[in-house]
Number of protein chains: 2
Amino acid sequence: MPTELPVLPDLRLAYRAPDVTAPLAAASLLADGTRMGILALLRGGPHCVCELAAGLGARENNVSNHLARLRDAGLVRAARDGADSRRVYYERDERACLAALLTLGEVLR
Amino acid sequence: MPTELPVLPDLRLAYRAPDVTAPLAAASLLADGTRMGILALLRGGPHCVCELAAGLGARENNVSNHLARLRDAGLVRAARDGADSRRVYYERDERACLAALLTLGEVLR
DNA sequence: ACGTTATCTCACAACCAGATGAGACACTCT
DNA sequence: AGAGTGTCTCATCTGGTTGTGAGATAACGT
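Residues numbered from 1 in each chain as written. Chains lettered and ligands numbered in written order. Predicted model: local features only at pLDDT ≥ 70, side-chain atom pairs only at ≥ 80, totals over all residues. Heavy atoms only, no water.

Draft legend 1. Representation of the side chain of His 66 of chain A within the structure. All names here are of chain A. With respect to the helices and strands, the residue His 66 is situated in helix H4 (residues 60–73). Looking at His 66, the relative accessible area reads 12%, which means it is buried. If we skip the residues at most four places from it in the chain, His 66 touches Asp 32, Thr 34, Arg 35 and Ile 38. (Helix = DSSP H or I, 4+ residues; strand = E, 2+ residues; numbered from the N terminus. Buried < 20%, exposed > 50% of the residue type's maximum accessible area, 1.4 Å probe, protein only. Contact = heavy atoms within 4.5 Å.)

Written out as structure tokens, the structure reads:
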């Protein structure tokens, strides 16, 4: 009688799909020109929404939307300006940005 | 007469949208579960398409498509097997993967 | 008080990237 | 030769994401 269950006879794979949810979330957040541009601009210090929008050539509500996603992910922080309380200045959370980079390093080595 | 061109009076931004094409391409490539899973699986050594597909629970033609994108980007290399010339074994290009990580580091520091 | 500015939120439309299925090709095995 | 395997390519469909517009809120300047 033949051997039973001859499924995938000599495939050198342990069926374990690696868990990449964390680095995938980081990459998905960065995989947008506006969001990456925001992070790049914020390397030069805090900026308000209208400054970022002007620098990127995008609309303010659009930038605000992307800032919300970055804020939810913890990569940026928001703080109202003392002088003009209408403006919201955003700054990078350097520790979170480094953590995202390290997470990506888990896959890219 | 009023001052001319009072555009964006005191916005501390030099209008320069930073060039993020390289890190954006890297992030876009990684922003997919199948592609990131492939890169993660290949950390354990070379694998053929069917092994990767089995490990990820994806169809082989789908995995082949994603491998083509990773190959075009230079992150993986393909080599036919000597024993069974139908199988194509893929392996990571560690130098290119490190370069991608460094490119992302330009934005995430 | 009024008009303006800065930001946010939400609903809708448009678009892009991924999944799918069919087909083609080359190779292996019997 | 014929059946089956492994991989690739391409066209089409679909789902999710982005951009957009309108509206709301709060604060500033006059």
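Draft legend 2. Representation of the packing of helix H2 (residues 33–41) of chain A against H4 of chain A in the model. All names here are of chain A. Across the interface, H2 lies against H4 with an axial gap of 10 Å and an inter-helix angle of 75 degrees. When the interaxial angle is binned, H2 and H4 end up roughly perpendicular. Between H2 and H4, the residues in contact are Thr 34, Arg 35, Ile 38 and Leu 39 and Val 63, His 66, Leu 67, Arg 69 and Leu 70, respectively. Of the residues in the contact of H2 with H4, the class split is five nonpolar, two polar and two charged. (Axes fitted to C-alpha atoms, helices over the stretch in contact; angles between N-to-C directions. Parallel < 35°, antiparallel > 145°, perpendicular 65-115°, else oblique. Nonpolar A, V, L, I, M, F, W, Y, C, P; charged D, E, K, R; others polar.)

Draft legend 3. Looking closely at the protein's contact with DNA strand D. Contacts to DNA strand D come from 24 residues, most closely from Arg 35, Arg 59, His 66 and Arg 69 of chain A together with Tyr 90 of chain B. Atoms of DNA strand D within 4 Å of the protein: sugar and phosphate make up 69%, bases the balance. In the environment of DNA strand D, a phosphate oxygen lies 2.5 Å from a nitrogen or oxygen atom belonging to the side chain of His 66 of chain A. Within the side chain of Asn 65 of chain B, an N or O atom sits 3.5 Å from a base nitrogen of DNA strand D. The set of elements that each furnish at least two residues to the surface near DNA strand D consists of H2 and H4 of chain A together with helix H3 (49–56), helix H4 (60–72) and strand E3 (88–92) of chain B. It is H4 of chain A that provides the largest number of residues to the surface near DNA strand D, a total of five residues. Considering only residue class, the surface near DNA strand D consists of six nonpolar, nine polar and nine charged. (Near = heavy atom within 4 Å. Polar contact = N/O pair within 3.5 Å; in protein donor to acceptor, adjacent residues only side chain to side chain.)

Draft legend 4. Spatial organisation of the relation of the copies chain B and chain A. Of the transformation superimposing chain B on chain A, the axial component is 0.0 Å and the angular component is 180 degrees, with the fit at an RMSD of 0.1 Å. The relationship between the two copies is best expressed as a two-fold rotation axis. Proximity to the rotation axis, assessed at the C-alpha, singles out Ala 27 of chain B in chain B; its C-alpha lies 2.6 Å from the axis. The fraction of interface residues of chain B whose copies in chain A are also interface residues reaches 100%, indicating that both copies meet through the same surface. (Least-squares fit on C-alpha atoms with pLDDT ≥ 70 in both.)

Draft legend 5. Structural view of the environment of Arg 77 of chain A. Residues and elements named next belong to chain A. Mapping Arg 77 onto the fold places it in strand E2 (residues 76–80). Judged by relative accessible area, which is 39%, Arg 77 ranks as partly exposed. Separated by 12 residues in sequence, Arg 77 and Tyr 89 place their C-alpha atoms 8.3 Å apart. When neighbours within four sequence positions are excluded, Arg 77 is seen to be in contact with Tyr 89, Tyr 90, Glu 91, Arg 92 and Asp 93. A polar contact is formed between the side chain of Arg 77 and the side chain of Asp 93, at a distance of 3.1 Å.

Draft legend 6. Focus on the interface of chain B and chain A. Across the contact, 44 residues belong to chain B and 44 residues belong to chain A. Both faces combined, the contact of chain B with chain A buries some 3800 Å², and carbon together with sulfur accounts for 70% of it. Between chain B and chain A we count zero salt bridges in total. Between chain B and chain A we count five residue pairs in polar contact (both at pLDDT 80 or more) in total. When residues of the side of chain B that touches chain A are assigned to their parent elements, the largest contribution, nine residues, is made by helix H5 (residues 94–108) of chain B. Its residues placed into classes, the side of chain B that touches chain A shows 29 nonpolar, six polar and nine charged. (Buried area = accessible area lost by both parts, 1.4 Å probe. Salt bridge = Lys/Arg side-chain N within 4 Å of Asp/Glu carboxyl O.)

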